[in-house]
Amino acid sequence: MPEVDVIVLGAGPAGAAAAVAARGAGLSVALIDKAAFPRDKLCGGGLTGRAMATMARVFGTGPDPDETLMTRHVRLVSGGRVLGDFPDAPGFGMVMRRHFDAGLKARAVGAGATDLTGCRVASIEAETRRVRLASGAEWSARVLIGADGANSAVARALYGRAFDPRSVAFALEAEAPVRPGAALEIDLAAAHWGYGWVFPKRGSLTVGVGGVEVRNPDLKGAMAAYLARHGAAGLRCKGAFIPSGAARSGRGPVLLAGDAAGLCDPITGEGLAWAMESGALAGRAAAADDPGRAYAMALAPVAAELRRAQRLARIVHHPWLRPRFHALLARQPGLQRRFLQLLAGERDYADIGFRSLARLATGLLRKG
């Protein structure tokens, strides 16, 4: 049985970051993923300023300029109503996950991780950190890092299920033809407890709708209406679960990162930055005497930030308060800019103190 210091299950952004960080700490790493890269992945593919800074810090590089469309034109809408149009918004890097993830995985392998991508997992023994592949090969490690996405097999081995169905979000997405000069659009009314998006890319236009699943019984209908509004009716859609706000670190020497840990912002949808950040924290924690404790402590600020986002989400997504929030957003340029800064990762929820939340709630409770 091959034995390494760390097994990383999942070679997406979280797993690649974990592998790079663990190798940087001098640990041997086996990087396992059922997919062979490049592979497609449902995701808006928006890199915020936070995500690009995290990528540079963890991987020592930025997104491939040949595969990235940088945009500063952002439009906030509520259904058919434009709340704000910003040609000079903070910059976003728009990528296709097929190319982006393959580049990060290549960095992990280049750092010395054993490449076991394209290998399906037959079973996981969380207590002994043993992974048996469909080929029959078995690997064991001192630390197991689950970076295997929303349907995490590692999370199922720890908790019996990958996510809480009461709070998990679901997203539908389609690739539409390129529309030159298209703005990055966030539609705050396209779904309940969620939003819709139009993300311009090099070669396509990603259109999607996502929200808390139990609050969106007809998400397919919402997606069809959103596609029709953008002249893209009838396109083939793909869907995926998106756990958000769980912020669980794992148990003992079995660590969770990225979507497996529930690290997706319930308001902005930010996931890539937290995936890379949590992966790097898990990879570094794997070198500690007590990896679980070290990782839980390192992840605590991220977990706290997402708890703040959950509290704010209860205000801005509430069915009665949501239209009032949109009305307030439409008439207050300062609030628009602060919201854009949250979207772009230039502002943290920690920057929004109790008094600011109280002022927002008071404004919503007025005429709106």
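Each remark here, short or long, concerns the structure printed above.
Per chain, residue numbering runs from 1 following the sequence as it is written. Predicted model: local features are reported for residues with pLDDT of at least 70 only, side-chain atom pairs are reported and counted for 80 or more only, and whole-chain, interface and lining totals are derived from all residues. Computation of side-chain values covers all heavy atoms of the structure but excludes hydrogens and water.

Q: Teacher, can you tell me more about the overall build of the protein chain here?
A: Put simply, DSSP marks the helices as runs of H or I at least four residues long and the strands as runs of E at least two long, and each gets a number from the N terminus on. A count of helices and strands for the protein chain gives ten helices and 18 strands. Once the C-alpha set of the protein chain is aligned to its principal axes, its extents read approximately 65 × 45 × 35 Å. Classification of the 368 residues of the protein chain by burial places 54% in the buried group. Pairs of residues are marked as contacts when any of their non-hydrogen atoms sit within 4.5 Å. Pairs at least 24 residues apart make up 69% of the contacts formed inside the protein chain by residues separated by at least 6 positions. For every residue, the accessible area obtained with a 1.4 Å probe (protein chains only) is divided by the maximum for its type, and the residue is called buried under 20%, exposed over 50%, and partly exposed between those limits.

Q: Could you clarify how one ought to interpret the packing of aromatic side chains in this entry?
A: Each aromatic ring pair is described using two quantities: the centre-to-centre distance and the angle formed by the ring planes. Ring pairs shown here join Phe, Tyr and Trp side chains whose ring centres sit within 6.5 Å, with only the six-membered ring taken for Trp; geometry is labelled stacked below 30 degrees between planes, edge-to-face above 60, and tilted in between. A full pass over the atoms with the stated rule returns four aromatic pairs. Where phenylalanine 170 meets phenylalanine 241, the ring centres are 5.0 Å apart and the plane angle is 70°; that geometry is what we call edge-to-face. Of this pair, phenylalanine 170 sits in strand β12 (residues 169-176) while phenylalanine 241 sits in strand β16 (residues 238-242); the two residues are 71 residues apart in sequence, bridging distant segments of the chain. Accessibility expressed as a relative area gives 22% for phenylalanine 170, which makes it partly exposed. Joined through ring pairs, the aromatic side chains of Phe163, Phe170 and Phe241 make up one cluster.

Q: Help me understand the nonpolar core, please; the structure alone is not making it clear to me.
A: Buried Ala, Val, Leu, Ile, Met, Phe, Trp, Tyr and Cys residues that are joined via side-chain atoms within 4.5 Å together make up what is termed a nonpolar core. By size, the foremost hydrophobic cluster in this structure holds 70 residues, and its most contacted members are Val6, Ile7 and Phe59. A total of nine residues in this core trace back to one element, the largest contributor, which is helix α6 (residues 272-285). Ignoring anything within four residues of it in the chain, the contact list for valine 6 reads Ala22, Leu27, Ser28, Val29, Ala30, Ala141, Val143, Ile145 and Ala286.

Q: Would you take a moment to explain the packing of helix α1 (residues 13-24) against α6 for this structure?
A: To characterise two packed helices, one gives the angle between the axes of the helices and the distance between these axes. In the contact formed by α1 and α6, the axes pass within 7 Å of each other and the chain directions differ by 30°. What the angle tells us is that α1 and α6 run roughly parallel. Here α1 and α6 pass one another in a crossing that is right-handed. Residues Pro13, Ala14, Ala17, Ala18, Ala21 and Ala22 of α1 form the contact with α6, whose own contacting residues are Leu272, Ala275, Met276, Gly279, Ala280, Gly283 and Arg284. Note on geometry: axes are C-alpha line fits, over the in-contact stretch for helices, and angles between N-to-C directions span 0 to 180 degrees. Every angle not falling under 35 degrees, over 145, or within 65 to 115 is termed oblique; those three ranges are roughly parallel, roughly antiparallel and roughly perpendicular. Two helices cross in a left-handed way if the nearer one is turned anticlockwise from the farther one by less than a right angle. They cross in a right-handed way if the turn is clockwise.

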